[in-house]
Amino acid sequence: MSEQEYQINPLVQESMIHNGRILSNFQSITAPLFGVTAGVLGLESYTGFLLYFVLSIIATVVFYAIQIAPSSLAAGKPPFDASRYYYGAVSFWTGSIFNGLSGFILTWTLFYGLVQA
């Protein structure tokens, strides 16, 4: 972005931090649901973690499609560019993927044990 574009549409740090927290909370809420899914399906080892990463990416795409894409595309940004609301594409797409990992593992092992018992 040029200096003139930053003056017209400034990046407010508090808003960027707030948006990051919302995405982090979303990942933390959905991760246990993915753990329940992996536990009920009886997945073990790498397949369970693969399910978590695939479902986390799908959840982030759905979050993008519902929350960010309508206004971002209307502003003329390219598809899958979240720089209008987040610091960068990497921080949006992969930044909070590990935040919910502990909740995923907890519910995954709990439901795996309940189903297999």
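Structure shown above.
Not measured: the values here are computed from a predicted model.

With that settled, consider the overall build of the chain. Assigned secondary structure in the chain consists of five helices and zero strands. For the chain, the N- to C-terminal ordering of α and β elements is α-α-α-α-α. In terms of overall size, the chain is more extended than a compact globule, its C-alpha atoms giving a radius of gyration of 17 Å where 117 residues would be expected to give roughly 13 Å. For the chain, the C-alpha atoms occupy an extent of roughly 65 × 25 × 20 Å along the three principal directions. A sequence separation of at least 24 residues applies to 73% of the contacts in the chain between residues at least 6 apart. Of the roughly 7,200 Å² of accessible surface on the chain, 67% is carried by carbon and sulfur atoms.

The final tally for this structure, using the stated rule, is seven aromatic pairs. Following the ring pairs from residue to residue traces out a cluster consisting of Phe-49, Tyr-52, Phe-53, Phe-98, Phe-104 and Trp-108.

Its 29 residues give helix H2 (residues 13-41) an end-to-end C-alpha distance of 42 Å, which sits within 8% of 42 Å, the value for a rise of 1.5 Å per residue. Turning to H2, its buried residues number three or more, namely Met-16, Asn-19, Leu-23, Ser-24, Gln-27, Thr-30, Ala-31, Phe-34, Gly-35, Ala-38 and Gly-39. Packing partners of the buried residues in H2 comprise helix H3 (46-74), helix H4 (89-93) and helix H5 (101-116).

Let's shift gears to unusual backbone geometry. Residue Ser-45 is not a glycine yet carries a positive backbone phi of 55 degrees. Of note, Ser-45 is situated in the loop between H2 and H3. For Ser-45, a relative accessible area of 45% puts it in the partly exposed group.

Ala-31, Phe-34, Ala-38, Leu-51, Tyr-52, Ala-59, Leu-101, Phe-104 and Trp-108 form the largest nonpolar core, which has nine residues in total. Those elements that provide at least two residues to this core are H2, H3 and H5. Once residues within four sequence positions are removed from consideration, Trp-108 is found in contact with Gly-35, Ala-38, Gly-39, Leu-43, Glu-44, Ser-45, Gly-48 and Phe-49. Judged by nonpolar contacts, the second largest core, of eight residues, contains Phe-63, Ile-68, Ala-82 and Tyr-86.

A cluster of nonpolar side chains, Leu-50, Val-54, Ile-58, Val-62 and Ile-66, forms an exposed patch at the surface whose accessible area comes to about 450 Å². For Leu-50, a relative accessible area of 53% puts it in the exposed group.

Relative to the 22 Å expected for 16 residues at 1.5 Å per residue, H5 spans 22 Å between its end C-alpha atoms, a close match to the ideal helical length. Among the residues making up H5, those that are buried are Leu-101, Phe-104, Thr-107 and Trp-108. All buried residues of H5 project into a common sector of 130 degrees when viewed along the axis, lining one side. In this structure, H5 carries Ser-102, Leu-106 and Leu-114 as exposed residues pointing more than 90 degrees from its buried face. Close packing links the buried residues of H5 with H2 and H3.

Definitions and limits used
- Residues numbered from 1 in each chain as written.
- Predicted model: local features only at pLDDT ≥ 70, side-chain atom pairs only at ≥ 80, totals over all residues.
- Heavy atoms only, no water.
- Helix = DSSP H or I, 4+ residues; strand = E, 2+ residues; numbered from the N terminus.
- Rg over C-alpha atoms; globule rule 2.2 N^0.38 Å.
- Contact = heavy atoms within 4.5 Å.
- Areas by Shrake-Rupley, 256 points an atom, 1.4 Å probe, with all protein chains shown as cover.
- Phe/Tyr/Trp six-rings, centres within 6.5 Å; stacked < 30°, edge-to-face > 60°.
- Expected span 1.5 Å × (residues − 1).
- Buried < 20%, exposed > 50% of the residue type's maximum accessible area, 1.4 Å probe, protein only.
- Core = buried A, V, L, I, M, F, W, Y, C linked by side-chain atoms within 4.5 Å.
- Patch = residues over 30% accessible without salt bridge, like charges linked within 9 Å, V, L, I, M, F, W, Y side chains within 5 Å.
- Salt bridge = Lys/Arg side-chain N within 4 Å of Asp/Glu carboxyl O.
- Arc of directions from axis to C-beta.

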